Amino acid sequence: MSTSTPLVFRPSTTQRSLAALLCVGSWLVGVRALAALLENLPRMTRMLRAAEVAGEPTLALWLQLVAAVAAVLVAGGLLLLSIAAFLSVEGCAVLVDEIGISVEQHLLPGPLGGLLGSGRLAWKQVGALERSGPFFVLRAITPPEGGPRLRPLRFLLVENLDRLVHLILERSPNLHLEG
């Protein structure tokens, strides 16, 4: 393998299709929940006004209203997370060459891609290979005093994962397996 032709590991078509299907499904459920809230919001406010006029306690109605709005806000955050996960799967490419390994996130903006684990490590800098949540993580060795601290590389899915792990194990002289 020469440095001009790196090996490229990407998620398979099946993995990318499943990620798209999960993302679309979560969006359909989320939009339906938001529509149900908007449909029932006038009824809930009328019940609140009627309870206030009748002098009945309204704490339970307020709690229901606040819980419904909070649930929709949390669901919205989860929907944004599902989009980020889909873009991370769809745009991920792990490149392996003679010099090192790099993870690229093509569909995410630079800073967000960096937070999700894009970057490059030379083989001698690879210090640990581990699984952290849904991610496979390559951590750099701790730098000497005053050296810059390198960010870990993360990726979710790739086709031929066993071949990629074998290459990492074979080429990384300072690698320590975690957990």
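What you are looking at is a predicted structure, and each value in this text was computed from that prediction instead of being measured.

### Side note on the pattern of salt bridges
Then comes step 1: Per the counting criterion, the structure on display carries four salt bridges.
Then comes step 2: One salt bridge in this structure joins Arg-16 and Glu-90, with 3.2 Å as the shortest N-O distance. Of the two residues, Arg-16 is situated in helix α1 (residues 13-54) and Glu-90 in helix α2 (residues 59-90); the sequence distance between them amounts to 74 residues.
Then comes step 3: Among the residues examined, Arg-16 registers a relative accessible area of 22% and is labelled partly exposed.

### Observations regarding the nonpolar core
Then comes step 1: Counting 19 residues, the largest nonpolar core has Val-94, Val-96, Ile-101, Phe-155, Leu-164 and Ile-168 as the members making the most contacts within it.
Then comes step 2: When near neighbours in sequence (up to four residues on either side) are disregarded, Phe-155 contacts Cys-92, Val-94, Val-103, Pro-134, Phe-135, Phe-136, Leu-161 and Leu-164.

### Re α1
Then comes step 1: End to end, α1 covers 61 Å across 42 residues, agreeing with the expected 62 Å (1.5 Å per residue, within 8%).
Then comes step 2: The principal kink in α1, of about 35°, is found at Asn-40, preceding the proline Pro-42 by one to four residues.
Then comes step 3: Here α1 has its buried residues at Ala-19, Cys-23, Gly-30, Leu-37, Met-44, Leu-48 and Ala-51.
Then comes step 4: Residues of α1 that are buried sit in contact with α2.
Then comes step 5: Two residues or fewer past α1, Gly-55 is found with a positive phi of approximately 75°.

### Focus on the confidence of the model for the chain
Then comes step 1: When the pLDDT values of the chain are averaged, the result is 87; 96% of them are 70 or greater.
Then comes step 2: Considering each helix and strand of the chain separately, the mean pLDDT is smallest for strand β8 (residues 176-177), with a value of 71, and largest for strand β2 (residues 92-96), with 93.

### Considering the sheet that holds strand β3 (residues 100-105)
Then comes step 1: Pairing in this open sheet of four strands is antiparallel, and the strands run β1-β2-β3-β4 from one edge to the other. Each edge of the open sheet is held by one strand with a lone partner, namely β1 (7-9) and β4 (119-122). The mean angle between the axes of side-by-side strands here comes to 15°, regardless of whether they run parallel or antiparallel.
Then comes step 2: Taken together, the four bridges between β3 and β4 define a ladder with antiparallel strand orientation. When the sheet's bridge partners are listed, Ser-102 is paired in β4 with Arg-120.

Rules behind the numbers
- Residues numbered from 1 in each chain as written.
- Predicted model: local features only at pLDDT ≥ 70, side-chain atom pairs only at ≥ 80, totals over all residues.
- Heavy atoms only, no water.
- Salt bridge = Lys/Arg side-chain N within 4 Å of Asp/Glu carboxyl O.
- Helix = DSSP H or I, 4+ residues; strand = E, 2+ residues; numbered from the N terminus.
- Buried < 20%, exposed > 50% of the residue type's maximum accessible area, 1.4 Å probe, protein only.
- Core = buried A, V, L, I, M, F, W, Y, C linked by side-chain atoms within 4.5 Å.
- Contact = heavy atoms within 4.5 Å.
- Expected span 1.5 Å × (residues − 1).
- Bend = angle between axes of the 7 residues up to and from the residue.
- pLDDT = per-residue confidence, 0-100.
- Pairing = 2+ DSSP bridges.
- Axes fitted to C-alpha atoms, helices over the stretch in contact; angles between N-to-C directions.

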